[in-house]
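Summary of the model geometry
These are the residues of each chain, in order.
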Amino acid sequence: MKMIINIAMKEIKSFFVTPMGWIIIALITAAFGWNYFIGINNYFEVMSGAIRPAERVGVTIYVGQTVYGSASFLMLFAVPLLSMRLISEERRQQTLPFLFSAPISIIEIVLGKFFGLFAFLAIMVLYIFVMLSTLNIWADIDFGYLIANTFGLFLLVGSFAAIGIYFSSLTSQPIIAAILSFIFAVTLFILERYFASQPNHWFSYISLMKHFQTFSRGVISSKDIIYFILFISTFLVLTIRRLDADRLRG
Amino acid sequence: MTKTLKATNLTRRFGPNTAVNNVSFELSKGEVLGFLGPNGAGKSTTMRMLTGNLAPTEGQVEICGINIIEDPKLAKAKIGYLPEMRPLYKEFKVNEFLRIAAKLHNVPNKKINESIDIVMEKCGLTHMSNRLIENLSNGYQQRVGIAQAIIHNPDIVILDEPTVGLDPIQIREIRKLIKDMGKEHSVIISTHILPEVEIICDRVQIIDRGNLVFHGSIEDLKQQRRGNKLLVGMKKPPTLKKLQVLFDVVKLEKQDALLHVIQFNSSDIDVEAFIKASIKERWGLFQISPHITSLEDTFVQLTNQ
């Protein structure tokens with residue numbers, strides 16, 4: 001456990017000693033802020049207009065949908081850029097022996113890297129939560145909705161991160177890792193749209209989007225939590241196996 | 001002497017190729033072992049197996065009595081390893097990187113600052129502490145590499161070609177550092193610079209195409225070099241036939257007009273008898289010494305290249 005934290009700390013440090021971490025945080029938070037601003041602006045325009053009372057929604061849901069809808073999409077781009085270096089850069093710089101020779105198991109290495117990236121992404125997820133909570137200053141907002149969305153977004157970025165780490169372990173070229181994990185994540189994310197006519201097809205069922213939608217409606221469902229946890233574990237196990245193969249096959 | 005490392009029948013195959021074949025050896029505390037061999041002989045592969053970076057196809061590695069395959073964490077804690085490509089996170093400063101190394105090697109939090117100071121002092125890095133590793137020269141980066149290998153005060157330090165690519169002054173400093181380390185730790189270094197082995201190591205191992213071809217102390221290696229030849233300067237040299245009547249001589253080789261190399265059948269040469277004979281027969285002896293083959297020659301002989 002201590003080692004997982006040590007490795008995670010090392011990864012977080014590495015994000016902040018290179019410009020990459022700062023640039024991504026800056027761009028992403030700026031984009032969230034912009035969406036928040038647009039959301040509030042539109043809310044007053046739309047709700048004060050000729051909308052029937054039955055179709056009116058609260059400010060939390062209206063602004064929340066704008067921000068969280070764009071957040072899941074933005075993270076799709078941000079996570080591969082952050083995850084690409086995690087293992088492939090170590091391969092390229094031949095620094096993996098440093099970790100392999102230390103008294104740490106491969107499981108700890110992979111989990112450490114995963115939680116390092118996850119903690120970094122959590123900064124952005126929590127940022128959205130705090131930003132939306134400021135609505136509470138002049139309105140009575142639905143915190144349950146925010147918490148469900150935050151929780152869902154955590155699980156979603158966790159899944160992106162797990163995909164990112166796996167593809168990063170396959171190659172020694174960070175860019176290739178980024179492209180592969182982006183394509184893979186996009187495919188899984190939008191799979192549901194292409195199978196909209198057959199909602200019970202298994203393609204539709206493995207789509208990340210389908211499971212994220214429950215949370216974005218404000219529902220925390222154990223079925224979807226289990227799906228995401230299984231999803232993340234699968235890719236982490238695949239990564240561990242890939243690294244273990246390095247030791248066995250050479 | 002306590003044994004710190006024991007490798008038994010280490011074998012590693014990559015598909016049909018055997019990189020290391022049935023290599024066994026031991027290492028005692030306070031000993032510097034030199035690993036010699038031509039390129040691609042299997043030195044690095046052996047080192048990767050010793051440090052748990054590569055699983056052996058067959059055989060065992062024991063670090064202070066702990067099997068590295070069965071109990072990798074405990075065993076790895078006792079090893080410091082510097083691979084040929086030094087594993088440095090170049091985006092960090094020297095002290096930041098050493099702090100990470102200390103943490104990952106289970107150095108207790110209270111002792112981290114102290115051990116960073118000690119290794120920086122040992123490796124002459126103190127004034128580079130706040131520099132980015134990326135901006136350091138090759139030699140200083142190598143020192144950082146050595147520093148990360150000894151930060152947790154391991155029982156065994158394994159250095160793969162530690163002096164490659166350094167300038168002569170740096171090489172001398174690193175060699176001195178390795179010699180000093182040899183007093184407290186067991187050290188294994190691999191190299192293909194032959195004189196280096198004589199300067200630093202207590203024991204030598206020569207590996208060729210995966211097989212251990214020589215294993216012994218530096219004295220043994222010197223003995224091997226002295227061998228069974230005499231370098232003799234004579235003004236009126238005898239013929240080989242005449243020599244063979246008197247001594248058990250195999251070969252008479254002319255080096256220049258007056259100098260000859262005489263190869264005897266055994267290494268136990270009766271030099272005194274040879275001198276007496278030379279006076280009696282009036283060969284005009286003016287110089288006689290053991291003919292030391294160069295280390296290169298010994299190496300070439302042993303590896304049959």
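Because the structure is predicted, anything quoted here is derived from the model rather than measured. (Residues numbered from 1 in each chain as written. Chains lettered and ligands numbered in written order. Predicted model: local features only at pLDDT ≥ 70, side-chain atom pairs only at ≥ 80, totals over all residues.)

As for the overall build of chain B
Assigned secondary structure in chain B consists of eleven helices and 14 strands. In terms of overall size, chain B is more extended than a compact globule, its C-alpha atoms giving a radius of gyration of 24 Å where 305 residues would be expected to give roughly 19 Å. Across its three principal axes, chain B shows a C-alpha extent of roughly 80 × 45 × 35 Å. The buried share among the 305 residues of chain B stands at 40%. (Helix = DSSP H or I, 4+ residues; strand = E, 2+ residues; numbered from the N terminus. Rg over C-alpha atoms; globule rule 2.2 N^0.38 Å. Buried ≥ 20, exposed ≤ 12 C-beta atoms within 10 Å, placed from the backbone.)

Looking at the packing of helix α4 (residues 85-92) of chain A against helix α7 (residues 143-170) of chain A
Residue and element names in this part refer to chain A. Look at α4 against α7: their axes get within 7 Å of each other, and the N-to-C directions meet at 15°. With respect to each other, α4 and α7 are oriented roughly parallel. In the crossing of α4 with α7, the sense of the turn from one axis to the other is right-handed. Where α4 abuts α7, its residues L86, I87 and S88 lie against I165, S168 and S169. (Axes fitted to C-alpha atoms, helices over the stretch in contact; angles between N-to-C directions. Parallel < 35°, antiparallel > 145°, perpendicular 65-115°, else oblique. Left-handed = near helix turned anticlockwise from the far one by under 90°. Contact = placed C-beta atoms within 7 Å.)

Here's the deal with the sheet that holds strand β7 (residues 156-160) of chain B
Residue and element names in this part refer to chain B. One open sheet holds the six strands; their spatial order is β6-β7-β8-β3-β9-β10, and the pairing between them is mixed. Two strands bound the open sheet, and with one partner strand each, they are β6 (79-82) and β10 (211-217). The sheet shows a mean angle of 15° between the axes of neighbouring strands, taken without regard to direction. Its contacts with the sheet put helix α5 (residues 138-150) on β6 and β7, and the angle it makes with β6 is roughly 165°. Across the sheet, helix α6 (residues 168-184) touches β3 (32-36), β7 and β8 (186-191), and the angle it forms with β8 is around 145°. (Pairing = 2+ DSSP bridges.)

Quick word on the domain arrangement of chain B
Here chain B is partitioned into domain 1 (1-78 + 192-225) and domain 2 (227-303). Taking only C-alpha atoms, the centre of domain 1 of chain B and the centre of domain 2 of chain B are 37 Å apart. (Domains from an automatic or database assignment.)

Brief notes about helix α3 (residues 94-104) of chain B
For α3 of chain B, the buried fraction is high: nine of the eleven residues fall into the buried class. Against α1 (2-17) of chain A together with α4 (109-122) and α5 of chain B lie the buried residues of α3 of chain B. One or two positions beyond α3 of chain B, positive phi appears at N106 of chain B, with a value near 65°.

A short note on the packing of helix α6 (residues 106-133) of chain A against α7 of chain A
Residues and elements named next belong to chain A. Axis separation between α6 and α7 bottoms out at 9 Å; the angle between their running directions is 150°. Between α6 and α7, the angle falls in the class roughly antiparallel. By crossing handedness, the relation of α6 to α7 is classed as right-handed. Between α6 and α7, the residues in contact are V110, K113, F114, L117, F118, L121, A122, V125, F129, L132 and S133 and L146, T150, L153, F154, V157, G158, A161, A162 and I165, respectively. Across the contact of α6 with α7, the residue classes tally to 16 nonpolar, three polar and one charged. (Nonpolar A, V, L, I, M, F, W, Y, C, P; charged D, E, K, R; others polar.)

Topic: the nonpolar core
Side chains that are nonpolar tend, in soluble globular proteins, to be buried together. Core analysis: the biggest nonpolar cluster contains 137 residues, and F114, A161 and A162 of chain A together with F97 and A147 of chain B have the highest contact counts within it. The leading source of residues in this core is α7 of chain A, at 14 residues. Contact partners of F97 of chain B, with chain neighbours within four places excluded, come to L88, Y89, F92, I133, V144 and Q148 of chain B. (Core = buried A, V, L, I, M, F, W, Y, C linked by C-beta atoms within 7 Å.)

Remarks on the environment of N53 of chain B
Mapped onto the elements of the fold, N53 of chain B is located in the loop between α1 (43-50) and β4 (58-63). For the pair N53 of chain B and K76 of chain B, spaced 23 residues apart in the sequence, the C-alpha separation amounts to 9.9 Å. If we skip the residues at most four places from it in the chain, N53 of chain B touches P97, F100, S101 and R247 of chain A together with R48 of chain B.

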